[in-house]
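Structural description and commentary
Okay, here's what each chain looks like letter by letter:
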Amino acid sequence: MTKKAGSEEEVKEKSKSKKKKQGFSLKGIKTFLIDERTHQTFGLLLLLFSLFLFAAFISHLWYWQSDSAISGANTVGELLIRQDLQVKNWLGKLGAILADYFMTGKFGIAAFFIPFYLFLTSIKIITSRTLLPFGPTFRWGLFTAVWLSTFLGFALSAKPTWLILGGVYGYEMSDTLKGLIGGIGTGLLLLASLTAFITVTFKLNLQWNKQATPAEEAVEPSPDQEKAAPDFADKVISNLFGETEKPQVIDFDDTDPIYDDQVHEIENMEMEDLPSDEDDDSETIAETDLDDELAIENEPDLTMENQPEADMELETIVAAEDEMAIDDDGELPHATGDYDPKLELSRYKYPSLDLLENYGDKKLEINKEELEANKNKIVETLRHYDINIEKIKATIGPTVTLFEIVPQAGTRISKIKNLENDIALSIAALGIRIIAPIPGKGTIGIEVPNQKPEIVPMKNLLGSERFVNSEFDLPIALGKTISNEVFIADLAKMPHLLMAGATGQGKSVGLNAILVSLLYKKHPSQVKFVMVDPKKVELTLFRTIERHFLAKLPNEEEPIITDTKKVINTLNSLCIEMDQRYELLKDAAVRTIKEYNAKFIARKLNPNNGHRYLPYIVLVVDEFADLIMTAGKEVETPIARLAQLARAIGIHLIIATQRPSVNIITGTIKANFPARIAFRVSSKIDARTILDSQGAEQLIGKGDMLLSMGSDLIRLQCAFVDTPEVDRITEFIGGQQGYADAFLLPEYIDENGEGSKDISLEDRDPLFEDAAQIIVNAQQGSASLLQRKLKLGYNRAGRIIDQLEAARIIGPFEGSKAREVLIKDPMSLDQILQGLRNRNN
């Protein structure tokens, strides 16, 4: 029995492995087809084939009679195999066969349209440049081939020796037409068809005496509208997003019927023992146990049975789902400027929504029994403590329902706040949270988790109109609010984000959601990621996009940083990048990266002076606690410096940790991270450490989180994006043409300055003396100064700085400060330089 069971397991394992291999092969085929190198190879082969046909056609004009006689007397196989059969075509037997088929056998000299159109297509595939509009060119070429062949066959029908001009098709077509309508009719038909084609193509007005009115001129399409033609190698992205549906203006009219995407109030009859707010013309429905004004959105078929009268009104609100602004397989819109920073990767394709999963229906299900039971328990519990309520309203979200209550006048808020545990006990639910009062409202909120929480798919958020039309610099789709609304934040305005929570509560999914949002919205030239992953497993999927979106130190092999020493060097390198960017902003007389890039795009800054387009840089640290434990101040100091200064020059930090303790999230870190996300934690102390307030200990986990931005505290259900989805997105991006290497950060020289001891002054840089004179004249020892004055890269400037230190012209490294210049006048410098020259001689 054991052997049999083992054999069955082996069969299952073999079948699974076979399926995996099949799936891998299909994925490999898809990657091969979308690879830029595949397109380039195909375009090159098509270019060679078009030139081959053109040369064969030219040769066929001279040798068509002899070659046609040989090919006509033998089959294609015989002609290719037999060595005694020789043709005169320049391209040999294959050229003679193709030329005889297309020219003699088909269209004559009009067949030159075929290699011409293939040549245009190959140039488009290889260079992404359109020499002629594809649509009109194809129409003109096809009509010319048919019309010219028929015309030549008609005009030269008495001269069979000129068969090469019209081809067999032209002669047969002209004979057929002459048999039907005669010679004169055939001539008139050819003239009429040519006139009609020219009139339609060039939009000629045959009524010469009639002047075109301004209205008629306005209707004429521009020549640019003629260029929207199909591209053989790329997806057609003409009118990619069309016209997005505009949001409907909601008219809160009590007399309207219930429609989708509108909110209508259905009010009950006035109760004798409660105050009433109903209007006389409101629609009356059967009395229910909710006994209330029921405002429902997106539920057109909601019906309610007759129920006993309830003790309290309950107004139920379900927020409308954001309309999908684009189809599932569409891409998101992206704008361009005068100078196009995307030019180097102009063929880059943004990932489409079909790479993401759609987890179930996006519409929320309303459980009326659950709502009524929770409402009754809340009201009953409050009445046990002599707290009366005037009104209660329920707002239904994907995971949590918010009950808003209006207590009677004179009720102390603290009295309700202290009943948090009693309400949780009566409802028997995990994660009851009381907001007393709700900011901006005169109500008290009680958040109650739903028995069946809904998943918030990342696909719905990225396809929503709010995200597609977002004008944020770094938009991130975090999730949905308690009212089921899509929440989009701008990382550039945060400007840094701290994420903390217990293990397994959704931090890694939250990080993936943020990164995926930026990948869908931004071009590789606009944003770069510096990823630090001490756990070595969370961010490994993103190494595929190294040549597109990642930044790293020079000469580093791994794009995802896992070693603590390399983390320290990377953080200090980012500080150097920050200082260099501030120098560029100072020279450009601007205050922010947005203003600087706008000037650069408008070509108001000269690249010869060191100016360049500055992409946003996002530093992502997955487990900050491990870095603090192993490196301490060496990590905290550069992070604090970046958090304090880097927002204006486009460097933003996202730090995540599962240990929200005061020795990890220190006061320095908290002071510079105003935006914080708290997932579920185990104690109120941890919640206060993250948010400076309670509440995170009452979350229900699985992506339930609190976002603190200044004084606002928002509860969200994090968007869910699974590992296979991230894998598909990174493979799609990584399979495209990228930059030659990742974005290189400035090289960091260790603070101990030991590198200068190994510098040999006998092998000095050719620009050593020029650099020394610049440093002494400016009395400022910095690599960035040499970069600007001598137009050097940072690595070479750093080596010259080391040589100047070894020659005792400048002092040792002093962190972010410029090095001290030890030589104060040019005469002393000349003596040192002369001594170095004599030593070499």
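Located above this text is the structure these notes cover.
Residues numbered from 1 in each chain as written. Predicted model: local features only at pLDDT ≥ 70, side-chain atom pairs only at ≥ 80, totals over all residues. Heavy atoms only, no water.

**Side note on the overall build of the protein chain**
Regarding its fold elements, the protein chain presents 26 helices and 18 strands. A total of 841 residues make up the protein chain; the buried ones form 48% of that total. Within the protein chain, residue pairs in contact and separated by at least 24 positions form 66% of the contacts whose partners lie at least 6 positions apart. Accessible surface, the protein chain as shown: approximately 42800 Å² in total, 54% of it carbon and sulfur. (Helix = DSSP H or I, 4+ residues; strand = E, 2+ residues; numbered from the N terminus. Buried < 20%, exposed > 50% of the residue type's maximum accessible area, 1.4 Å probe, protein only. Contact = heavy atoms within 4.5 Å. Areas by Shrake-Rupley, 256 points an atom, 1.4 Å probe, with all protein chains shown as cover.)

**Brief notes about the pattern of salt bridges**
It is possible for side chains of opposite charge to pair when their charged atoms get near one another. This structure, assessed with the given rule, holds 24 salt bridges. Of the charged contacts in the structure, one is a salt bridge between E447 and R433, with a shortest N-O distance of 2.9 Å. Note that E447 is positioned in strand β7 (residues 444–449) and R433 in strand β6 (residues 433–435), a separation of 14 residues in sequence. Look at R433 and you get buried, because its relative accessible area is 7%. Ionic contacts of the salt-bridge type, sharing partners, join the residues R433, E447, D704 and R715 into one network. (Salt bridge = Lys/Arg side-chain N within 4 Å of Asp/Glu carboxyl O.)

**Some details on the sheet that holds strand β10 (residues 497–500)**
Within a sheet, adjacent strands bond to each other through the backbone by hydrogen bonds, running parallel or antiparallel. Overall, mixed pairing links the nine strands, which are arranged β9-β8-β17-β16-β15-β10-β14-β13-β11 in an open sheet. Either end of the sheet is taken by a strand with one partner, and the two such strands are β9 (486–490) and β11 (527–532). Taken pair by pair, the neighbouring strands of this sheet meet at an average axis angle of 30°, ignoring direction. For β10 and strand β14 (residues 651–657), the ladder comprises four bridges, and the chain directions are parallel. The partner of L497 across the bridge, within β14, is I654. Sheet strands in contact with helix α18 (residues 624–631) are β11, β13 (616–621) and β14, and its direction is about 90° off that of β14. (Pairing = 2+ DSSP bridges. Axes fitted to C-alpha atoms, helices over the stretch in contact; angles between N-to-C directions.)

**As for the side chain of Q717**
You can see Q717 is positioned in strand β17 (residues 712–718). A relative accessible area of 6% means that Q717 is categorised as buried. A polar atom in the side chain of Q717 sits 3.3 Å from the side chain of T399. Residues within four places of Q717 in sequence aside, it is in contact with P398, T399, V456, L478, G479, K480, K702, G703 and D704. (Polar contact = N/O pair within 3.5 Å; in protein donor to acceptor, adjacent residues only side chain to side chain.)

**With respect to α18**
Considered for burial, the residues of α18 that qualify are F624, A625, L627, I628 and A631. Within α18, the buried residues cover an arc of 160° as seen down the axis, which keeps them to one side. Taking the backbone nitrogen of A625 as reference, a side-chain oxygen 3.2 Å away marks E623 as the first, capping residue of α18. Positive phi shows up at G632, right after α18, with a value of about 65°. (Arc of directions from axis to C-beta.)

**Digging into the packing of helix α16 (residues 564–588) against helix α17 (residues 593–601)**
Across the interface, α16 lies against α17 with an axial gap of 10 Å and an inter-helix angle of 60°. Classified by the interaxial angle, the pair formed by α16 and α17 is oblique. Considering only the axes of α16 and α17, their crossing is left-handed. Residues R581, L584, L585 and A588 of α16 form the contact with α17, whose participating residues are I593, Y596 and K599. (Parallel < 35°, antiparallel > 145°, perpendicular 65-115°, else oblique. Left-handed = near helix turned anticlockwise from the far one by under 90°.)

**A look at the nonpolar core**
Among the nonpolar cores identified, the biggest contains 115 residues, and L462, L478, L497, M499, F529, V618 and F624 are the most heavily contacted of them. The element best represented in this core is α16, accounting for nine residues. Those residues in contact with M499, other than ones at most four positions away along the chain, are K507, G510, L511, I514, I654, I655, A656, T657, I677 and F679. In terms of nonpolar packing, the next biggest core, distinct from the first, is built from 27 residues, I576, A797, V821 and L833 among them. (Core = buried A, V, L, I, M, F, W, Y, C linked by side-chain atoms within 4.5 Å.)

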